[in-house]
Amino acid sequence: MSDVSKNNSGGGKELSKKERMAIPRTPIPEQDPHERAKNFDEVALGYSDEQAITEATRCLQCKKPKCVGGCPVGIDIPAFIDAIAHGDPAGAIAKLKEKTSFPAVCGRVCPQEEQCEQVCIVGKKHEPVAIGRLERYAADWEAKQGKAGKPEIAPSKGKRVGVVGSGPAGLTCAGELAKMGYEVVIYEALHKPGGVLTYGIPEFRLPKEIVFRECEYVESLGVEIKTDYVIGKTMTIDDMLANGHDAVFIANGAGLPVFMNIPGENLNGVFSANEFLTRANLMKAFKFPEYDTPIKVGKKVAVIGGGNVAMDAARTALRLGADVHMIYRRSREEMPARDEEIHHAEEEGIQFHLLNNPVQIIGDNDGWVEEIECIQMELGEPDESGRRRPVPVEGSEYRIPVDVVIMAIGTRSNPVLTQATPDLELNKWGNIVADPETLATSMEGVFAGGDIVTGAATVILAMGAGKTGARSIDRYLRGLPLKPEAEAETAEQASA
Amino acid sequence: MYKILEKEDYSDDTYMQVIEAPAVARAAKAGQFVIVRLHEEGERIPLTIADFDRDKGTVTIVVQAVGKTTRELQTYGVGDSIANLIGPLGVPSEIENFGTVICAGGGVGVAPVFPIARELKAAGNKVISIVAARTKSLILWEDRMREVSDEVIVTTDDGSYGRKCLVTEPLKELCEEGGVDLVYAIGPAIMMKFCCKTTEPFGVKTVVSLNSIMVDGTGMCGACRVAVDGETKFVCVDGPEFDGHAVDFDLLMSRQRQYLEQEKIAYDYYLECRGDKACLT
Ligand SMILES: Cc1cc2nc3c(=O)[nH]c(=O)nc-3n(C[C@H](O)[C@H](O)[C@H](O)COP(=O)(O)OP(=O)(O)OC[C@H]3O[C@@H](n4cnc5c(N)ncnc54)[C@H](O)[C@@H]3O)c2cc1C
Ligand SMILES: Cc1cc2nc3c(=O)[nH]c(=O)nc-3n(C[C@H](O)[C@H](O)[C@H](O)COP(=O)(O)OP(=O)(O)OC[C@H]3O[C@@H](n4cnc5c(N)ncnc54)[C@H](O)[C@@H]3O)c2cc1C
Ligand code: SF4
Ligand code: FES
């Protein structure tokens, strides 16, 4: 046991509910906003042992914990928090890993305020228990111990599975299958594994060291990661099935950037957030010219959008020295980004132009961006998503002088793989159709999960899909019906 | 790591490398390209597959050194390895028996034209090739082009070899003579633009292979976008080949200049340090 247990301050049964609720939510130490606006180091610094124990003590250990239902993968939240409260981070990490493969990632990037923390009982009257920060604490504690405990690996099943994509869905699926005794190869199009965790989410929010540690962990389970492999080009799904893969899990994400189709969008200085972030994160352009890849930062940058991607692009541009203006067509309440990121962006000095929508980008004679024209919006009737639909205010157009525009209005599924796989059924948005319960696709032996099925979603949902995919592939390869109930029914019929 | 098995310098600025990449060679088709990254600090750059050998598991690239990465790659010799080689990317050339096809290559553009001409010839076309360059020392692969063409016309801007004219002159003459069913024109953007201007009045379909700036080469970033028929296309996944008469070449050329300032910094930095790590930090 670690020496953490010695400073166990509360945690025990001695505190009453009321006393627990009276403890204020423990703030997480953060880098000063002025300091961090100039560097790429992580913003939040993490709880100390004492802070973690204090925060864990706020949990009421509910008999019917609401938080668990709010967690997309159903982590036994009170159990892991109880372990922390009792100075047992090892026990906490074991509990977490029953459901999530990469708690160090989830603790940092999950939108807890819309999930577990939104429904936490303490949150009804006070601020909810800081579940995400505690998750991060437990994971960081484990990392500090050096080698992660290696789980048991089942004897070889003599079957081989190919996984397409090394984002959270692919990594999780591969890790689970390896533990079950399958030989697993991940094929990744880029030169580095990790998916969005590597090329999209910036260092200051999710240090790449953590992502590569998770990738190495998956490799330590026996998974081979082949980078530089574009499935649909270097090899097709049919090639994979014909050449020694007994099953395939497709987790190639939703990486195709969407543009607005407004005039001036192809001017020099207009980038997709994917391009901007890929240059900065994957290619390390923030270290140019030590690293070869250039990045155009600009003096005054407009970032279009209000999600995590927009926030990440804006805060990256800010760190590279730009004056950053975010343009979002709805109001702040509707911004899909995590609350914490919006808050951090404001603190760092990013200016928000809410209820504004770009209508055109104006260039100079050399083809470079000079201005962006926006129109003001007001909120009308709610749309299908339940959010009030923004409608333009006639005659309210105005221009902001800018030299770079970053489009962060969303991504769609990339057709490179699907176009080369005609037997794969797609929906009208180009996402792969998969059974919601089993993730089976229209092709025998081929399963799919993560953003490629759901459209751009979250890291935790992608991980959940990876687990489901692994379970289904295991059943498929053992010749069992994919749905356990179906098996039970057959058993019933047999005994009847 | 991808090992260089053969290397040949064609001039001070142009060279050929044969690289071991079995998976890419197995799937490669005429008209496709690879993305290459030399080392950990390297940039990803696109290079056309000028030839491939499925049995030996190799792909051939022909490169003109124009900046940091292409100059650095020139220093890689037989036995050296490059960190990443990704492909084959892009949509392969559409090959069928069109009748008479002109294959025009400008500068290193001749190399990417070669596998296309070879396929077109094999499909039964009459292939007339135009091998063009600024000056004699920059003419390359004339011998290979002769092997796969019914007729080869060589031009240099300065008249040091072949006809003294631009590539567009014989192209225009052939169009005037008539009977041309298709033109392939690959080379610098300006050369492709003028080839298209030449063929347009004759209504001869002209396919070009666009060389926009790229990052991933898999449709993920949009850096490579161009306008074709007024619609935005991604060169890496929708191309690289397009109907040249519908391409906005001025936009392409403007977008190619997007990083000029940084490219110069990177190149100077490289020349100063010549890969000396200690100097770089
Ligand atoms: C900038 C940004 C910030 C985000 N922030 C958050 C956040 O804070 N919290 C949160 O929960 N979610 C966030 N998300 C969303 C989250 O990252 C995704 O939902 C999640 O990564 C999806 O996982 P995935 O495994 O399905 O796909 P991805 O992570 O997209 O991984 C797919 C992988 O497949 C590879 N690939 C693609 N095509 C091929 C092919 N043909 N052959 C081989 N490999 C291929 C890709 O290169 C990639 O590595 C963010 C997304 C972005 C872009
Ligand atoms: C599909 C495609 C196929 C190509 N095939 C060949 C080939 O077979 N042989 C060959 O010599 N060249 C080819 N090119 C061009 C080659 O990619 C560029 O010359 C190279 O990237 C220049 O890099 P650099 O660092 O040496 O020079 P830089 O100084 O960085 O750039 C010089 C010029 O090259 C272009 N360029 C720069 N970076 C990129 C990039 N990442 N992607 C594309 N273009 C860029 C720009 O117009 C720039 O002004 C091809 C380009 C494309 C898009
Ligand atoms: S709902 Fe809140 S208080 Fe209750 S168990 Fe979950 S985290 Fe603890
Ligand atoms: S190079 Fe990134 S989309 Fe074409």
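Residues numbered from 1 in each chain as written. Chains lettered and ligands numbered in written order. Predicted model: local features only at pLDDT ≥ 70, side-chain atom pairs only at ≥ 80, totals over all residues. Heavy atoms only, no water.

Examining the packing of helix α14 (residues 273–282) of chain A against helix α15 (residues 308–319) of chain A
Residues and elements named next belong to chain A. Counted only if it meets this: Here an angle of 0 to 180 degrees is reported between the N-to-C directions of two axes, which are lines fitted to C-alpha atoms, with helices fitted over the stretch in contact. Only runs of H or I of at least four residues qualify as helices and only runs of E of at least two qualify as strands under DSSP, and these elements are numbered from the N terminus. To sort the angles, those under 35 degrees are grouped as roughly parallel, those over 145 as roughly antiparallel, those from 65 to 115 as roughly perpendicular, and the leftovers as oblique. By definition, turning the near helix anticlockwise from the far helix through less than a right angle yields a left-handed crossing, and turning it clockwise yields a right-handed one. Note on contacts: a residue pair qualifies if any of its non-hydrogen atoms lie within 4.5 Å across the two residues. Each residue receives one of three labels: charged for Asp, Glu, Lys and Arg, nonpolar for Ala, Val, Leu, Ile, Met, Phe, Trp, Tyr, Cys and Pro, and polar for the others, Gly being one of them.
Packing of α14 against α15 leaves a shortest axis separation of 10 Å and a crossing angle of 50°. Here α14 lies oblique to α15, going by the angle between them. For the element pair α14 and α15, the recorded crossing hand is left-handed. Facing α14, whose interface residues are Ala273, Phe276, Leu277 and Ala280, α15 presents Val309, Asp312, Ala313, Thr316 and Ala317. For the contact of α14 with α15, the per-class residue count stands at 7 nonpolar, 1 polar and 1 charged.

Structural notes on the site of ligand 1
Residues and elements named next belong to chain A. The test is simple: Working definition: residue near molecule or strand if any one of its non-hydrogen atoms lies within 4 Å of it. Any N or O atom pair separated by 3.5 Å or less is treated as a polar contact, with the protein-specific requirement of one donor-capable and one acceptor-capable atom, and with residues adjacent in sequence counted only for side-chain atom pairs.
In the region of ligand 1, 35 residues are neighbours, and Val109, Glu188, Arg205, Ile231 and Asp451 sit closest. One nitrogen or oxygen atom from the main chain of Ala189 is found 3.1 Å from a nitrogen atom belonging to ligand 1. Of all the secondary-structure elements, those providing two or more residues to the shell around ligand 1 are α10 (168–179), α15 and α19 (459–477). The element that contributes the greatest number of residues to the shell around ligand 1 is α15, accounting for 3 residues. Looking at the shell around ligand 1 residue by residue, the class counts come to 20 nonpolar, 10 polar and 5 charged.

Remarks on the sheet that holds strand β4 (residues 44–48) of chain B
Residue and element names in this part refer to chain B. Heads up, the rule is: Strand pairing is assigned whenever DSSP detects at least two bridges linking the two strands.
The sheet built from 3 strands is open, its strands ordered β4-β3-β8 with antiparallel pairing. The sheet is open, and its two borders are formed by β4 and β8 (84–89), each paired with just one other strand. Strand-to-strand twist in this sheet, taken as the mean axis angle between neighbours without regard to direction, amounts to 25°. Pairing of strand β3 (residues 33–37) with β8, which is carried by 4 bridges, proceeds in the antiparallel orientation. Counted as the bridge partner of Phe33 is Leu89 from β8.

Details of the nonpolar core
Basically, it comes down to this: To define a nonpolar core, start from buried Ala, Val, Leu, Ile, Met, Phe, Trp, Tyr and Cys residues and group those joined through side-chain atoms within 4.5 Å. Each residue is placed in one exposure class: buried if its accessible area under a 1.4 Å probe, protein chains only, is under 20% of its type's maximum, exposed if it is over 50%, and partly exposed if it falls in between.
Counting 93 residues, the largest nonpolar core has Phe80 and Ile237 of chain A as the members making the most contacts within it. Looking at this core, the element that brings in the most residues is α19 of chain A, giving 8 residues. Those residues in contact with Ile237 of chain A that lie beyond four places of it in its chain are Val164, Ile231, Val248, Ile250, Leu417, Thr421, Met443 and Val446 of chain A. Val270 of chain A together with Leu171, Val235 and Phe249 of chain B belong to the second largest nonpolar core, which has 57 residues in total.

Some words on the site of ligand 3
Within the structure, ligand 3 sits among Cys59, Leu60, Cys62, Pro65, Lys66, Cys67, Pro78, Cys120, Ile121, Val122 and Ile131 of chain A. Taken together, the residues of the shell around ligand 3 sort by class into 10 nonpolar, no polar and 1 charged.

Notes on the pairing of strand β14 (residues 404–407) of chain A
The side chains of a regular strand alternate between the sheet's two faces. All names here are of chain A. Burial of β14 is two-sided: the residues Val404 and Ile406 facing one way and the residues Val405 and Met407 facing the other way are all buried. For strand β6 (residues 270–272) and β14, the ladder comprises 3 bridges, and the chain directions are parallel. Its bridge partner being in β14, Phe271 is matched across the sheet by Ile406. Of the pairings in the sheet, the one linking strand β7 (residues 300–304) to β14 comprises 4 bridges and is parallel in character. When the sheet's bridge partners are listed, Ala302 is paired in β14 with Val405.

Details of helix α8 (residues 249–256) of chain B
Residues and elements named next belong to chain B. Buried residues dominate α8, accounting for 6 of its 8 residues. Residues of α8 that are buried: Phe249, Leu251, Leu252, Met253, Ser254 and Arg255. Buried residues belonging to α8 abut α6 (189–199), β14 (206–209) and β15 (225–228). At the N-terminal boundary of α8, the capping side chain belongs to Asp248, with an oxygen 3.3 Å from the backbone nitrogen of Asp250.

Here we look at the pairing of strand β11 (residues 369–382) of chain A
All names here are of chain A. Pairing analysis gives 7 bridges linking strand β10 (residues 356–363) to β11, with the strands arranged antiparallel. What sits directly across from Ile361, in β11, is Ile372. Relative to strand β13 (residues 398–401), β11 is paired through 4 bridges, and the arrangement is antiparallel. Directly across from Glu371, in β13, lies its bridge partner Pro401. Summarising the sheet, β11 and strand β12 (residues 388–392) pair through 4 bridges and their orientation is antiparallel. Opposite Glu378, over in β12, you have Val391 as the bridge partner. Here β11 folds back onto β12 in antiparallel fashion, the turn holding 5 residues, of which Gly386 has a positive phi close to 85°.

Details of the pattern of salt bridges
Residue and element names in this part refer to chain A. Using the following cut-off: Take a side-chain nitrogen of Lys or Arg and a carboxyl oxygen of Asp or Glu: if they are within 4 Å of each other, that pair is a salt bridge.
For the structure shown, the criterion picks out 45 salt bridges over all chains. Put simply, Arg25 and Glu117 hold a salt bridge, and the shortest N to O gap is 3.2 Å. Of the two residues, Arg25 sits in the loop between α1 (17–22) and α2 (33–36) while Glu117 sits in helix α8 (residues 116–119), which places them 92 residues apart along the sequence. The class for Glu117 is buried, based on a relative accessible area of 8%. Here Lys97 and Glu142 are joined by a salt bridge, their closest N and O atoms 3.2 Å apart. Taken together, the residues Lys97 in helix α6 (residues 89–97) and Glu142 in helix α9 (residues 131–144) connect sequence positions 45 residues apart. Assessed through its relative accessible area of 16%, Glu142 is described here as buried. One continuous salt-bridge network, built from bridges that share partners, spans Arg36, Arg205, Asp312, Arg315, Arg319, Arg338, Glu340, Glu341, Glu347 and Glu348.

Comments concerning the packing of aromatic side chains
The criterion, for reference: Aromatic contacts are taken between Phe, Tyr and Trp rings whose centres are within 6.5 Å, Trp giving its six-membered ring; a plane angle under 30 degrees counts as stacked, one over 60 as edge-to-face, and the others as tilted. Placement of a charge over a ring requires the Lys NZ or Arg CZ to be within 6 Å of the ring centre, with the centre-to-atom vector within 35 degrees of the ring normal.
Considering all chains together, one arrives at 7 aromatic pairs over all chains under this definition. Pairing Phe271 of chain A with Tyr259 of chain B gives two aromatic rings, centres 6.5 Å apart and planes at 35°, and the pair type is tilted. Here the residue Phe271 of chain A occupies a position in strand β6, and Tyr259 of chain B occupies one in the loop between α8 and α9 (260–273), the pair thus bridging two chains. In this structure, Arg319 of chain A packs its charged tip against the face of Phe204 of chain A, placed 3.8 Å from the ring centre.

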